[in-house]
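Now for the letters of each chain:
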Amino acid sequence: LPTVTSPCKILKCNSEFWAATSGSHHLGTEEAPEFCTALRAYAHCTRRTARTCRGDLAYHSAVHGIDDLMVQHNCSKDGPTSQPRLRTLPPGDSQERSDSPEICHYEKSFHKHSAAPNYTHCGLFGDPHLRTFTDTFQTCKVQGAWPLIDNNYLNVQVTNTPVLPGSTATATSKLTIIFKSFQECVEQKVYQAEMDELPAAFADGSKNGGDKHGANSLKITEKVSGQHIEIQAKYIGTTIVVRQVGRYLTFAVRMPEEVVNAVEDRDSQGLYLCLRGCPLNQQIDFQTIRSAQGTESRARRKGPSLPAPPEAFTYETATAKCREKLPVEDLYFQSCVFDLLTTGDVNFMLAAYYAFEDVKMLHSNKDKLHLYERTRDLAAGNTAPSGTAPALWVALLCLGQSWLGLL
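Basis of the calculations
Residues numbered from 1 in each chain as written. Predicted model: local features only at pLDDT ≥ 70, side-chain atom pairs only at ≥ 80, totals over all residues. Heavy atoms only, no water. Helix = DSSP H or I, 4+ residues; strand = E, 2+ residues; numbered from the N terminus. Contact = heavy atoms within 4.5 Å. Polar contact = N/O pair within 3.5 Å; in protein donor to acceptor, adjacent residues only side chain to side chain. Buried < 20%, exposed > 50% of the residue type's maximum accessible area, 1.4 Å probe, protein only. Phe/Tyr/Trp six-rings, centres within 6.5 Å; stacked < 30°, edge-to-face > 60°. Lys NZ or Arg CZ within 6 Å of the ring centre and 35° of its normal. Salt bridge = Lys/Arg side-chain N within 4 Å of Asp/Glu carboxyl O. Disulfide = S-S within 2.5 Å.

A.B. asks: Teacher, can you tell me more about the overall build of the protein here?
C.D. replies: Each helix and strand counted, the protein has twelve helices and eleven strands in total. Excluding contacts between residues fewer than 6 apart, the proportion of contacts in the protein whose partners are at least 24 apart in sequence is 60%.

The structure is reproduced here in structure tokens:
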């Protein structure tokens with residue numbers, strides 16, 4: 001696709017301010033007037049390009065940063081706004097050229113002079129289980145292709161296929177990530193993974209953002225060959241982890257809230273699963289399953305046992321297997337039991353385990369790592385309400401037995 005040149009000139013404004021204030025020595029108190037002059041010139045530049053930068057993340061970050069710096073340095077908004085003196089780069093200083101301006105490093109550029117960004121997490125794993133950017137946990141059907149993320153900077157789509165013929169249990173068999181071209185940092189790049197194919201490069205064979213100055217702000221790293229890759233997109237402060245566990249894929253992302261919400265039209269993002277969650281008609285409701293299966297579960301316990309394939313798990317063996325990797329009986333543990341009962345595939349236990357490991361690495365709030373059933377009813381401390389787990393296990397067991405009966 002041809003590269004579209006943005007009419008937004010915020011990059012030029014950032015570069016001029018950076019050139020005017022980045023000397024070989026730190027600006028002292030005696031140079032405050034000069035710094036304020038550069039700030040006013042910076043603000044004037046952003047106002048000139050405001051109309052064409054309305055939806056640009058870097059523009060809005062720059063405007064907020066200017067306001068913060070004005071206050072910190074007691075700068076008046078009225079005063080001289082002479083053009084900044086451009087600093088000439090030494091010949092051959094490629095490292096300095098690639099790093100300037102710092103627009104290609106989210107934390108350095110967008111938040112250098114303001115509060116640290118608020119990071120959020122989304123993950124998809126197993127049969128499939130979704131943890132949204134707002135820490136809502138859902139188990140969904142979502143067979144076929146569904147968008148996980150769709151904002152101004154990247155698009156992520158997953159394809160889920162049935163785990164067993166005739167079963168409603170699905171898992172992620174294909175993943176496509178599109179990193180959109182961004183100013184002087186990266187060209188558009190596409191990453192695709194499928195079952196038994198987890199490349200350590202983009203679709204064009206490259207491992208970074210292309211030929212632009214900030215290309216290394218987008219990078220793929222292979223952690224375990226064919227099993228685990230990590231993509232760092234520093235220009236938007238984003239980390240993505242993709243794994244193949246067994247035959248299926250898992251996805252986890254750490255992204256600033258500012259990037260999460262960078263969409264042109266929020267009303268058109270209804271199927272953006274990481275932001276809005278799965279549609280109601282695609283969710284598996286544990287509460288409904290519990291009440292609907294109660295009578296059937298008692299009948300099954302009194303009647304003859306159903307034949308099951310050799311790999312089938314019972315409630316006892318599934319919980320024992322999940323406790324090997326997930327000792328805390330949270331929603332990741334419950335998901336593990338659910339998947340073992342419905343698929344009989346031990347790799348789903350590993351998928352739940354690695355999903356939680358990714359949460360520990362990517363989630364910014366360590367007090368919210370564990371999630372429990374009916375989190376909306378929990379008191380402070382985020383502990384599971386007593387008495388809910390046994391009923392849930394009965395529901396999961398009955399659901400698993402009914403699905404295994406389809407084999």
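A.B. asks: Please explain the environment of Ser206 as it appears in this structure.
C.D. replies: With respect to the helices and strands, Ser206 occurs in the loop between β7 (189-194) and β8 (218-224). In this structure the C-alpha to C-alpha distance between Ser206 and Lys189, which are 17 residues apart in sequence, comes to 8.8 Å. Reaching out from Ser206, the side chain makes a polar contact with the side chain of Lys189 at a distance of 2.8 Å.

A.B. asks: Would you mind going over the environment of Lys174 with me for this structure?
C.D. replies: Among the secondary structure elements, Lys174 is positioned in strand β6 (residues 170-179). A residue is classified by how much of its surface remains accessible, and Lys174, at 30% relative accessible area, is partly exposed. Sequence spacing of Lys174 and Glu197 is 23 residues, and the spatial spacing of their C-alpha atoms is 9.3 Å. Setting aside residues up to four positions removed in sequence, Lys174 forms contacts with Gln157, Val158, Thr159, Gln192, Ala193, Glu194 and Leu249.

A.B. asks: Help me understand the packing of aromatic side chains, please; the structure alone is not making it clear to me.
C.D. replies: Between two aromatic rings, the relevant description is the distance of the centres plus the angle of the planes. Enumeration over the complete set of coordinates arrives at nine aromatic pairs. Considering the side-chain rings of Tyr248 and Phe348, the 5.9 Å spacing of their centres and the 45° angle between planes classify their relative orientation as tilted. Taken together, the residues Tyr248 in strand β11 (residues 248-256) and Phe348 in helix α11 (residues 347-362) connect sequence positions 100 residues apart. These aromatic residues form a ring-pair network of at least three members: Phe125, Phe137, Tyr332 and Phe356. A cation over a ring is seen here: Arg254 above Tyr119, with NZ or CZ 3.7 Å from the ring centre. Its end group placed over the ring of Tyr353, Lys325 keeps NZ or CZ at 4.7 Å from the ring centre.

A.B. asks: How should the pattern of salt bridges be read in this particular structure?
C.D. replies: It is possible for side chains of opposite charge to pair when their charged atoms get near one another. Taken as a whole and assessed by the stated rule, the structure comprises six salt bridges. Between Glu324 and Lys321 there is a salt bridge, and its shortest N-O distance comes to 3.5 Å. Here Lys321 and Glu324 lie together in helix α9 (residues 315-325), a separation of three residues that amounts to about one turn.

A.B. asks: Just checking my understanding: could you explain the state of the cysteines for this structure?
C.D. replies: On inspection of all chains with the given rule, the structure shows five disulfides. The partner cysteine of Cys104 in its disulfide is Cys185, sulfur to sulfur 2.1 Å. Where Cys104 bonds to Cys185 through sulfur, the torsion about that S-S bond is close to -100°, and the disulfide is left-handed. Pair noted here: Cys104 is in the loop between α4 (94-99) and α5 (106-109) and Cys185 is in the loop between β6 and β7, with a separation of 81 residues, a long-range link. Residue Cys122 pairs covalently with Cys274 via a disulfide, S to S 2.0 Å. Disulfide Cys122-Cys274: the torsion about the S-S bond is -75°, which places it as left-handed. Residue Cys122 is found in strand β1 (residues 119-125), and its partner Cys274 is found in helix α7 (residues 273-276); the two are separated by 152 residues along the sequence. Taking relative accessible area as the criterion, Cys122 reaches 0% and is therefore assigned buried.

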